[in-house]
Amino acid sequence: MTNLSASPLLVAEGLSKFYGLRIGCRNVSFALEPGEVLAIVGESGSGKTTLLNLLSGQLAPDAGAVRYRMRDGETKNLLDLTEAERRFLARTDWGFVHQDARNGLRMGVSAGGNIGERLMGVGDRHYGRIRETAQGWLSRVEIDISRIDDKPTQFSGGMRQRLQIARNLVTHPRLVFMDEPTGGLDVSVQARLLDLIRGLVADLGLAVVLVTHDLSVARLLSHRILVMKDGHVIEAGLTDRVLDDPQEAYTQLLVSSVLAA
Amino acid sequence: MSRTAENYRGYNFAYLDEQTKRMIRRAILKAIAIPGYQVPFASREMPMPYGWGTGGVQVTAAILGPTDVLKVIDQGADDTTNAVSIRQFFEKTAGVETTTETEKATVIQTRHRIPEAKLQAHQVLVYQVPIPEPLRFLEPRETETRTLHALAEYGLMHVRLYEDIAQHGHIAKTYAYPVLVADRYVMDPSPIPKFDNPKMHESAALQLFGAGREKRIYAIPPHTKVVSLDFEDHPFEATKFDQPCALCGATDSYLDEVITDDRGGRMFVCSDTHHCETRRAEGHVGTLGTPVTEAAE
Amino acid sequence: MNPVLQVSGLAKAFHLHLHGGKHLPVVEGVDFIVLPGECVVLGGPSGAGKSSILKAIYGNYLANSGAIILDDGEKRVDVVTASPGAIIALRRHMMGYVSQFLRVIPRVPALEIVAEAARAAGFPPDEARERAGRLLAHLNLPERLWNLPPATFSGGEQQRVNIARGFAGNHRFLILDEPTASLDAKNREAVIALIAERKAQGTAFLGIFHDQDVRERVADRILDVTRFSPMREIAA
């Protein structure tokens, strides 16, 4: 169950990143509560992905900081973590769902191996238990468990995304980064995937930072929206408020360009 | 030594120049200091093709002294082309004594086997290594595998074993079976059969690994913990044979299959030729073997 | 008795950047309260800003000025200045909204839509399903439809799912935006009964009902919003 009154899980403070003279993103600040789904929306090149990479520690900011409340309750600046600590965090307490499943899965490894990798990474050395857990997650993401030994290359696009989600959630992360998780999928497949993500997010109390250019995805999944343009956050607020009563000219343009978001 | 000096003037002792040997020794020392860690070194062109043991030869050349006794085996045998050539190479360029007897040798260069006889503290085993990186087939990026080693992130290694069990019901890998050295680095023991893996553990002899094409040297110092990776419910098991050596009757050695005719006839014999000969000399006879004394007549 | 809702000096206008920056005031100086167990109905012609007032209270529209104070029983929160997190918490525990149309994601069965709303309000899963079933039964939705997604339902059936969802939580304040518009007489009665039952339990209602009969039967007070009308169509 979402707990929005607890102290924030992740805080971005004045994050800026420049690529030479070009602005990647500038002075972005917000706090993400446990269980909260935050959508970052904007057109291609607006700085969404830069911001996502800064938040997940994959890119070092030129200014600002990202603070994260670790499982032990201590809040740490991601920049102060060692590479080992950051990677450990990334494969235990975080998840990453990529638009292209090939970036998030090992395509040459079976579905079971893909799900089991994180478990083995944190020291699980019992084959039977790993396999049982993998089966449990497969059925949870609605993949027939008879497919456990098939490779993702034999899976459809929607199944790959669901496998990617299972692979990430197996260590019960508290925060999941998603980059256009439904991009490139058929509309019917998209709907089913969104429904699955929505259910898992609610059941597991996941906090999510979701990057999307699809406002209907943002409406379905997120509590709150940041609208980005040219590296700046130009509008932020409750998802339905931003989409139904946009204040900024650019947001009004975005919303009015969508057919019934 | 005198033979080199007299007969093979023009070669530096053991082929490599002293600067190169010093560079290789530094790499070896570092490798010994960090058991299981792959140390890069400036591998030289050798007068043999890659894949024929250029890494092992360079390591041997760097550690060989005039009083050393050298044994070279290929798949356990002293008499295969590769073993013979390398032995001759060092006879020529270093003039060292060579042997086929495991016990007499001070340096043993090997391709794909560990001798059956227990190695001693004064001996060095030099492995020829084709692919030193155990994570290579799961993660092709060298930058990434180095990071994985640095951070001891070895979950991936178990993914490989998991895949084996999922596919075959058991860990099907029978050679180059990955090990964890001194509780720190995961290492590829070169393509030795997993039968030999337990011999690496707490070995009295120094074990050096040279990969010429890949320019890496790594080591297991004497008396180092070497554990074969496995699962709690699928523990590591060394290969067992359901029959003894056809020539010497040994039940505890690694066997090679030998085709004896074109009608499906075959036999299983010790891959370690010296071990087999020693046993037969001691009077052991297998089902297809003949007593050594008679054979000699 | 403390009011559940206290609106004072509320103003709402739209600024249309894409249409030459036209400034469109909707309402100004909105002042009223809603007490526990009371049903206040907003009246006035279409376009007078009734819906905008409801949406501003729910946090769906951004108020330009004024205060919207909600009392959740423990503390008072001003929706106009509250953080998104605070508004989400209010919606979960205190304030519900029943719109004119059902808007859900495809594929989710009707019963699950309603049960999910109950779970979100804190009911345990079993109880949530039971509560969902009771509401759908009360609203005469045939049981054979419960496990089907509402996409193929008639307008009236969809709207009853929507109402059940709105009533699934135990909110002390419910906003009703023409919930009975697409219902026949029998189902209108069911909704009226539901509102009466909740009023008796202390739930406060603020709503819009175009159907005069329904309006008169549920309303304790009718508030004509034309008195909040600003001067219209002032170009920026």
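One numbering rule holds for all chains: residues counted from 1, following each sequence as written. Chains carry letters and ligands carry numbers; both start at the beginning, A for chains and 1 for ligands, and go up in the order they are written. Two thresholds apply to this predicted model, a pLDDT of at least 70 for residue-level local features and 80 or more for giving and counting side-chain atom pairs, whereas whole-chain, interface and lining totals are computed over all residues. With hydrogens and water excluded, all non-hydrogen atoms of the structure serve as input to the side-chain values.

*Asks:* Explain the interface of chain A and chain C to me, please; I cannot follow it from the model alone.
*Replies:* Buried accessible area, meaning the area lost when the parts come together, often serves as the stated size of an interface. In this description, contact between two residues means that some pair of their heavy atoms is separated by no more than 4.5 Å. Each partner contributes to the interface: chain A provides 25 residues, whereas chain C provides 25 residues. A simple way to read buried area is as the amount of 1.4 Å-probe accessible surface that goes missing from two parts once joined, with both sides added. Carbon and sulfur atoms supply 55% of the area that chain A and chain C bury against each other, a total of about 2200 Å² over both sides. Criterion for a salt bridge: a side-chain nitrogen of Lys or Arg within 4 Å of a carboxyl oxygen of Asp or Glu. Counting the contacts that link chain A with chain C gives three salt bridges. For the salt bridge of Lys12(C) with Asp245(A), the shortest nitrogen-to-oxygen distance reads 2.6 Å. Whenever two N or O atoms come within 3.5 Å, that pair is a polar contact, provided that in protein one can donate a hydrogen and the other can accept it, and provided that, for residues adjacent in sequence, both atoms are side-chain atoms. Scanning the region where chain A abuts chain C turns up nine residue pairs in polar contact (both at pLDDT 80 or more). Elements supplying a minimum of two residues to the side of chain A that touches chain C: helix H7 (187–204), helix H8 (215–221), strand S10 (232–238), helix H9 (239–244) and helix H10 (249–256) of chain A. Here the term charged refers only to Asp, Glu, Lys and Arg, the term nonpolar to Ala, Val, Leu, Ile, Met, Phe, Trp, Tyr, Cys and Pro, and the term polar to all other amino acids, Gly among them. Residues of the side of chain A that touches chain C, tallied by class, amount to eight nonpolar, six polar and 11 charged. Here a strand is any run of E in DSSP of at least two residues, a helix any run of H or I of at least four, and the numbering for each starts at the N terminus.

*Asks:* Hey, could you run me through the confidence of the model for chain B in this one?
*Replies:* In regions of low pLDDT, the predicted coordinates are not meant to be interpreted in detail. All names here are of chain B. As a per-residue measure, pLDDT tells how confident the predictor is, with possible values from 0 to 100. Of the residues in chain B, 95% have a pLDDT of 70 or more, and the chain-wide mean is 92. Within the model, pLDDT remains below 50 along residues 1–7, and this stretch shows 11 contacts once partners closer than five positions in the same chain are excluded. This prediction of the complex comes with two scores: 0.86 for pTM and 0.89 for ipTM.

*Asks:* So what exactly am I meant to see when it comes to H7(A) here?
*Replies:* Spacing of three or four residues puts side chains on the same side of an α-helix, whose turn is 3.6 residues. Residues and elements named next belong to chain A. Multiplying 1.5 Å by the residue count of a helix minus one yields the expected span of that helix. With 18 residues, H7 extends 25 Å from end C-alpha to end C-alpha; this agrees with the ideal 26 Å at 1.5 Å per step. Relative accessibility under 20% of the residue-type maximum defines a buried residue, over 50% an exposed one, and the middle range a partly exposed one, all with a 1.4 Å probe and only protein chains included. Buried within H7 are the following residues: Gln190, Ala191, Leu193, Leu194, Asp195, Leu196, Ile197, Leu200 and Val201. As for H7, its buried residues are in contact with strand S3 (37–41), helix H5 (127–140), helix H6 (157–169), strand S7 (175–179), strand S8 (207–212) and H8. Just downstream of H7 lies Gly205, where phi reads positive at about 65 degrees.

*Asks:* Is there a simple way to explain the packing of aromatic side chains in this structure?
*Replies:* Only the six-membered ring of Trp is used, alongside the rings of Phe and Tyr, when aromatic pairs are assigned; centres must lie within 6.5 Å, and planes under 30 degrees apart are stacked while those over 60 apart are edge-to-face, with the rest tilted. Within the structure shown, the criterion is met by 18 aromatic pairs over all chains. The interplanar angle of 25 degrees and the centroid separation of 5.3 Å between the aromatic rings of Phe96(A) and Phe177(A) together place this pair among those described as stacked. Taken as a pair, Phe96(A) in strand S6 (residues 94–97) and Phe177(A) in strand S7 lie far apart in primary sequence, 81 residues in all. Accessibility expressed as a relative area gives 1% for Phe177(A), which makes it buried. Judged by centre distance (4.8 Å) and plane angle (5 degrees), the rings of Phe209(B) and Tyr218(B) are stacked. Neither residue differs from the other here; Phe209(B) and Tyr218(B) are each classed as buried.

*Asks:* What exactly am I supposed to notice about the sheet that holds strand S1 (residues 10–19) of chain A here?
*Replies:* Across a sheet, strands are paired by hydrogen bonds formed along the backbone, either parallel or antiparallel in direction. All names here are of chain A. Pairs of strands are assigned from DSSP output, requiring at least two bridges between the strands. The sheet built from four strands is open, its strands ordered S2-S1-S4-S5 with antiparallel pairing. For this open sheet the edge positions go to strand S2 (22–32) and strand S5 (75–77), each flanked by a neighbour on one side alone. Each neighbouring strand pair of the sheet contributes to a mean axis angle of 20 degrees, computed without reference to strand direction. Relative to strand S4 (residues 63–69), S1 is paired through five bridges, and the arrangement is antiparallel. Its bridge partner being in S4, Glu13 is matched across the sheet by Ala65. Of the strands in this sheet, S1, S2 and S4 touch helix H1 (residues 48–55), which is tilted by about 125 degrees from S1. Interaxial angles span 0 to 180 degrees and are taken between N-to-C directions of axes, which are lines fitted to C-alpha atoms, for helices over the stretch in contact.

*Asks:* I keep staring at the interface of chain A and chain B and nothing clicks. Help me out?
*Replies:* Residue-level contacts link 23 residues of chain A with 21 residues of chain B. Among the residues chain A hides against chain B, the three largest losses belong to Arg87(A), Arg125(A) and Tyr127(A). Together they make up 40% of the total. Linking chain A with chain B are four salt bridges, by the criterion used here. Among the salt bridges present, the one from Glu139(B) reaches Arg106(A), with a minimum N-O distance of 3.7 Å.

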